[in-house]
Amino acid sequence: MAAPPRLSKMPTSPHRRQSTIKGYLVGAVLALVLTAIPFGLVATRTLRPIQILVVIGIAGTTQAVVHLRYFLHLDLKPSSQNKLIALCFAAVVLFILFGGTLWIMFNLNYRKM
Amino acid sequence: MLGKLTIDALPFYSGIAMGGALIVVLGVLGVVALVTWLGQWRYLWTEWLTSLDHKKIGIMYVTLALLMLVRGFIDAMMMRTQQAVALNSDGYLPPGHFDQIFTSHATIMVFFVAIPFLVGLFNVVVPQQIGARRVAFPFMNSVCLWMTTAGAALVMISLVIGNFSTAGWNAYPPYSEAQFSPDVGVDYWIWAILLSAVGSMLTGINFLVTIVKRRAPGMRLMMMPLFTWATLCTNILMVFAFPALIVTAALLGLDRYLGMHFFTEGDGGNAMNYVSLFWIWGHPDVYILILPAFGVYSEVVATFSGRRIFGYESLVYSTVAITVLSLVVWLHHFLTMGAGADVNAFFGSAAPLIAIPTAVTIFDWLFTMYRGRVQFTVPMLFTLGFIVTFIIGGMTGALLAVVPVDIHNTTFLVAHFHNLLIPGALFGYFAGYQYWFPKAFGFKLEEKWGRRAFWAWIVGFCLAFIPLSIVGLMGMPQRLNRYYDASWQPYLIVAECGALFILCGIIFLAVQLAASIRNRAALAVSTGDPWDARTLEWATASPPAAYNFAVVPHVHGIDPWWAMKQAGAAANRPARFHDIIMPGNSSAGAALGAMSFVFAFAMVWQIWWLAAVGALGMFAAVLSQTFRDHAEHRIPASEVEAIESRRILAAPLISGVPT
Amino acid sequence: MTDAVVTAGHGDETAAETAERAIDEKTYGFWIYLMSDAIIFALLFATFVVMSHNNADGSDRHTLFRLPHTFAETMLLLASSTTLGCSGAAMAAGQRWRTLIWLGVTFLLGLGFVTMEISEFYRMAAAGAGPWRNGFLSAFFTLVGTHAIHVSAGLVWIVLLGCEVTLRGLNPFVVSRLYRFGLFWHFLVIVWIGIFSVVYLPEIL
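Residues numbered from 1 in each chain as written. Chains lettered and ligands numbered in written order. Predicted model: local features only at pLDDT ≥ 70, side-chain atom pairs only at ≥ 80, totals over all residues.

1. Here we look at the overall build of chain C
Step number 1: For chain C, the helix and strand inventory stands at five helices and zero strands.
Step number 2: Shown N-terminal to C-terminal, the secondary structure of chain C runs as helices and strands in the order α-α-α-α-α.
Step number 3: The buried share of chain C, reckoned over its 205 residues, is 50%.
Step number 4: Put simply, of all contacts in chain C between residues at least 6 apart along the chain, 80% involve residues at least 24 apart. (Helix = DSSP H or I, 4+ residues; strand = E, 2+ residues; numbered from the N terminus. Buried ≥ 20, exposed ≤ 12 C-beta atoms within 10 Å, placed from the backbone. Contact = placed C-beta atoms within 7 Å.)

2. A look at the overall build of chain A
Step number 1: Helix and strand counts for chain A come out as three helices and zero strands.
Step number 2: Classification of the 113 residues of chain A by burial places 31% in the buried group.
Step number 3: Residue pairs in contact within chain A that sit at least 24 positions apart in sequence constitute 53% of those at least 6 positions apart.

3. Comments concerning the interface of chain B and chain A
Step number 1: With 13 residues of chain B in contact, the opposing surface of chain A contributes eleven residues.
Step number 2: No other element matches the four residues that helix α8 (residues 271-305) of chain B contributes to the side of chain B that touches chain A.
Step number 3: Split into classes, the residues belonging to the side of chain B that touches chain A amount to nine nonpolar, four polar and no charged. (Nonpolar A, V, L, I, M, F, W, Y, C, P; charged D, E, K, R; others polar.)

4. Considering the domain arrangement of chain A
Many descriptions give the size of an interface as the accessible area lost when the pieces come together.
Step number 1: Taken domain by domain, chain A comprises domain 1 (16-73) and domain 2 (76-113).
Step number 2: The gap between the C-alpha centroids of domain 1 of chain A and domain 2 of chain A is 22 Å. (Domains from an automatic or database assignment.)

5. Topic: unusual backbone geometry
Step number 1: Going from Pro173 of chain B to Pro174 of chain B, the amide bond is cis rather than trans, its omega being 0°.
Step number 2: Of note, the amide linkage connecting Ser542 of chain B to Pro543 of chain B takes the cis form, showing an omega dihedral of -5°.
Step number 3: Non-glycine residue His73 of chain A carries a positive phi angle of around 55°.
Step number 4: On the secondary structure map, His73 of chain A appears in the loop between α2 (49-71) and α3 (81-112).
Step number 5: Although it is not a glycine, Asn548 of chain B sits at a positive phi angle of roughly 65°.

6. Digging into the packing of α8 of chain B against helix α13 (residues 411-441) of chain B
Residues and elements named next belong to chain B.
Step number 1: Viewed as axis vectors pointing N to C, α8 and α13 meet at an angle of 50°, and their least axial separation amounts to 8 Å. If you check the angle between α8 and α13, you find them oblique. The handedness of the crossing between α8 and α13 is left-handed. Across the interface between the two elements, Leu289, Ile290, Pro292, Ala293, Phe294, Val296, Tyr297, Glu299 and Val300 from α8 touch Leu420, Leu421, Gly424, Ala425, Gly428, Tyr429, Ala431, Gly432 and Tyr435 from α13. (Axes fitted to C-alpha atoms, helices over the stretch in contact; angles between N-to-C directions. Parallel < 35°, antiparallel > 145°, perpendicular 65-115°, else oblique. Left-handed = near helix turned anticlockwise from the far one by under 90°.)

7. A word on the environment of Leu43 of chain C
Step number 1: Within the secondary structure layout, Leu43 of chain C lies in helix α1 (residues 15-50).
Step number 2: On the basis of neighbour counts, which here come to 26 C-beta atoms within 10 Å, the residue Leu43 of chain C falls in the buried class.
Step number 3: Note: C-alpha distance between Leu43 of chain C and Leu143 of chain C (100 residues apart in sequence) is 9.3 Å.
Step number 4: Residues contacting Leu43 of chain C, with those up to four places away along its chain left out, are Leu97 of chain A together with Pro243, Ala244, Val247 and Leu277 of chain B.

8. A closer look at the interface of chain A and chain C
Step number 1: On the chain C side, the residues contacting the 44 residues of chain A number 49 residues.
Step number 2: Sorting the residues of the side of chain A that touches chain C by element identifies α1 (14-44), α2 and α3 of chain A as the ones contributing at least two each.
Step number 3: With 13 residues, the single largest contributor to the side of chain A that touches chain C is α1 of chain A.
Step number 4: When its residues are assigned to classes, the side of chain A that touches chain C shows 32 nonpolar, nine polar and three charged.

9. Here we look at the nonpolar core
All names here are of chain B.
Step number 1: Within the largest apolar cluster, 299 residues are counted, with the highest numbers of intra-cluster contacts made by Leu154, Trp191, Leu208 and Ala600.
Step number 2: Those residues in contact with Trp191 that sit more than four places away from it in its chain are Leu154, Ala600, Met603 and Val604.
Step number 3: Ranked by size, the runner-up nonpolar core spans nine residues in total, among them Trp531, Ala533, Met564 and Ala570. (Core = buried A, V, L, I, M, F, W, Y, C linked by C-beta atoms within 7 Å.)

10. Looking at the confidence of the model for chain A
Residues and elements named next belong to chain A.
Step number 1: Considering every residue of chain A, the mean pLDDT works out to 82; 82% of them sit at 70 or more.
Step number 2: Within chain A, the element-level pLDDT minimum falls on α1, averaging 82, and the maximum on α2, averaging 92.
Step number 3: The model gives residues 5-17 a pLDDT under 50, and that stretch makes 20 contacts with residues more than four places away or in other chains. (pLDDT = per-residue confidence, 0-100.)

11. Observations regarding the packing of helix α4 (residues 95-129) of chain B against helix α7 (residues 226-258) of chain B
Residue and element names in this part refer to chain B.
Step number 1: Look at α4 against α7: their axes get within 10 Å of each other, and the N-to-C directions meet at 115°. When you trace α4 past α7, the crossing you get is left-handed. For the pair α4 and α7, contact is made by Phe122, Val125, Val126 and Gln129 and by Phe227, Thr228 and Thr231, respectively.
Step number 2: Of the residues contributing to the contact of α4 with α7, the split by class is four nonpolar, three polar and no charged.

12. Regarding the environment of His105 of chain B
All names here are of chain B.
Step number 1: On the secondary structure map, His105 appears in helix α4.
Step number 2: Sequence-wise, His105 and His408 are 303 residues apart; in three dimensions their C-alpha atoms are separated by 21 Å.
Step number 3: Ignoring anything within four residues of it in the chain, the contact list for His105 reads Gly72, Asp75, Ala76 and Met79.

13. Looking at the confidence of the model for chain C
All names here are of chain C.
Step number 1: For chain C, per-residue confidence averages 90 on the pLDDT scale, and residues scoring 70 or more make up 94% of the total.
Step number 2: Confidence over residues 1-9 falls short of pLDDT 50; this stretch has 26 contacts with residues more than four positions distant or in other chains.
Step number 3: Quick note on the complex model: pTM equals 0.94, ipTM equals 0.93.

Here it is, written out as structure tokens:
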């Protein structure tokens, strides 16, 4: 979607619209590539499984960033700062909760065996 | 047609159950009759139930909390009595009842006393403290209030129709699964939790955005009052912790309703994951409960020492440190459940780290009082009582952090967490209630009965819980409905006496309220600033106009109201007034709450057509509001001027930007 | 760093100022809501990973999923992201009918995705591999199903927005709602990236 609407401005210039569409197309192409790679590797199994898993992880994370940048318009400008701070904090919490859960549960599982 | 609901759901199987049901039914009928007799339905509807004014919503939250405190305390009284008499005997409470009571006691106290109380204080105080006229999302504020009330109503109706859960307030599987708890008790718990959790999570979003976006011009983050800082941190925790509770309750619900295997005993269920998920919410939750209390203590200590708070920055950093740390240590609630030494060591040593910022906070308060002119008002008494007892509670926590020690899941643990919840959180809320009551209503609460209430509460707390620590060290497990060790009984009898003191404390609070209302003319605060306080909420009238500030002040530092009074600017009248736009009333919030109750009740009893009606009703209520873009009304400048001139003394008016 | 808007001292509060402020707050508040939704998904992901070997009765995990099916679903969602972006560009240019058309295409792509999802669930359940079978399947159906429910809610939202755009045109409030819908939809596509990376691809591997 376009940037958050401002009452005062009437965005009618075709140049502005063009640059926005270009952003979405770039994002779409990047996303396509970053999807094709992991799917292709799984389909053809050209690498060892553990390596494919690493590529899946990297491609997925990169594609998420692509979406944030090109579709959600999250950049380093001051207007995005509040949202970026919230996202970074959420990312840290996600890492702790996801990682912590896996650490605890696999530790328990191991000891149950 | 009516799902699982049959005539057997009525509590005719037990005298005690019938008694409980009767009290609820008579209570509700009594209130309805009273309002009808006084002819106040229209007033209640237009002034309170449909109000989007954060101050009124706050008062309703605190009212809910105090009412549910009475219900939760009755549960506690019944448990203490049972334990005092049940040596080598069955006592008077059958085990099924006892189990329901300890479950509902904790569920009510955490979700329908503590959380509404602190959210109520946020609502009444924070927008005024930051110089705002309203919260960011007034309609959502109303929705949260009514959903929380619906959750409380669901717990209350379980006394009349059906029964409540016997699985403890944390509802651990596999006991809480359908195989071992086939009746509707755990379902009541699940839906009450979900209603409360969604309400709390949305409240978190509301106040987070309000504080970030609606501060008065010039108020930087490091100029905010400490109660506002505490609120900001608490709301961050609410936003990030309550999703875990929603997931936990929802997955348990999926197991029970759709036969899934998240936590079942076989077929690939993993009950330990429930425990981990629950405490991912549960640990931040205890900080959600305590941080607002710390915020209140900071305000009270500064005001009643007549000094600026000592170490403002260190208090802010400590609050933030507590917030961050609380997200990382949840395993210490299940240290004995079999994780390896490395996992236990990490969580076991990270947990006591919280003592460092807590100690900094307490020392800052003590240094504020040192060389201050301390007034022993009722809020200050609660604060001092807290400081003395909380430290002990923290130290018992350090003892519990030792994994191999033999006191886990005993009454020592019960004493530990009540030590933090009663003198810690509850005294903070009481102090806030006493401190900000004149702001909300225009007259102070009566000192004499307030003092008596404080002493009854603190003596009661000590008498009730010190014996429990001792008997826990002697080996008594928690949640025991009868026992055979005679050496425990004397302590449990003393604990019962403690509960009676607390009963007096509650009665004294009620008497205080009644006496204050009766004497309100004598106790009135004409200046709006009865305590000669320091923060912005005391700049508005008491009670404030709907718009709080006629002119939003420009803030230049900490304690802006104090600065204004020193500069003599407090008495200035603004040169001219302007129109103010405020949110109008809306019945959609109350409607959504009512529909959510219908939905949840129907889901408990599996009356699917009624659940669909409830869900559609909720959707309709939301829809009616989402596309309403012009729901405000404009208060013309002339009316603002008229309201301001009616304020008795000139002192509370603030000058804004010169026009 | 205060976001506070200077008020009253400068004159009567105008409706435009109130509206602009409300829109800014709603955008930020919605973003925070998405963060909380991310936590819900993260915990469902964690539960799935923890239970990924809990096919208690030894039933086969690896032949449950079909790669082309998952790839097609992914393409539908990625396409819908792009068409939603085009809708946003049209909206920024003030073109009402173009906005509606692109919204409609997004709806169809999303509907296709949900249909494929339901057909996969139905196929698995009919083959006996439903969520009631074992812990692994419970976790799978709940994680992917929660995502599908969110997408379905998004489809309902598109319909409501389409009605509003038709009836009220592109006023600032509608535009802000479309913007928030965009945040929601793109967030769900990001979650889907996580789903195929954590659930489908490793299981198929």
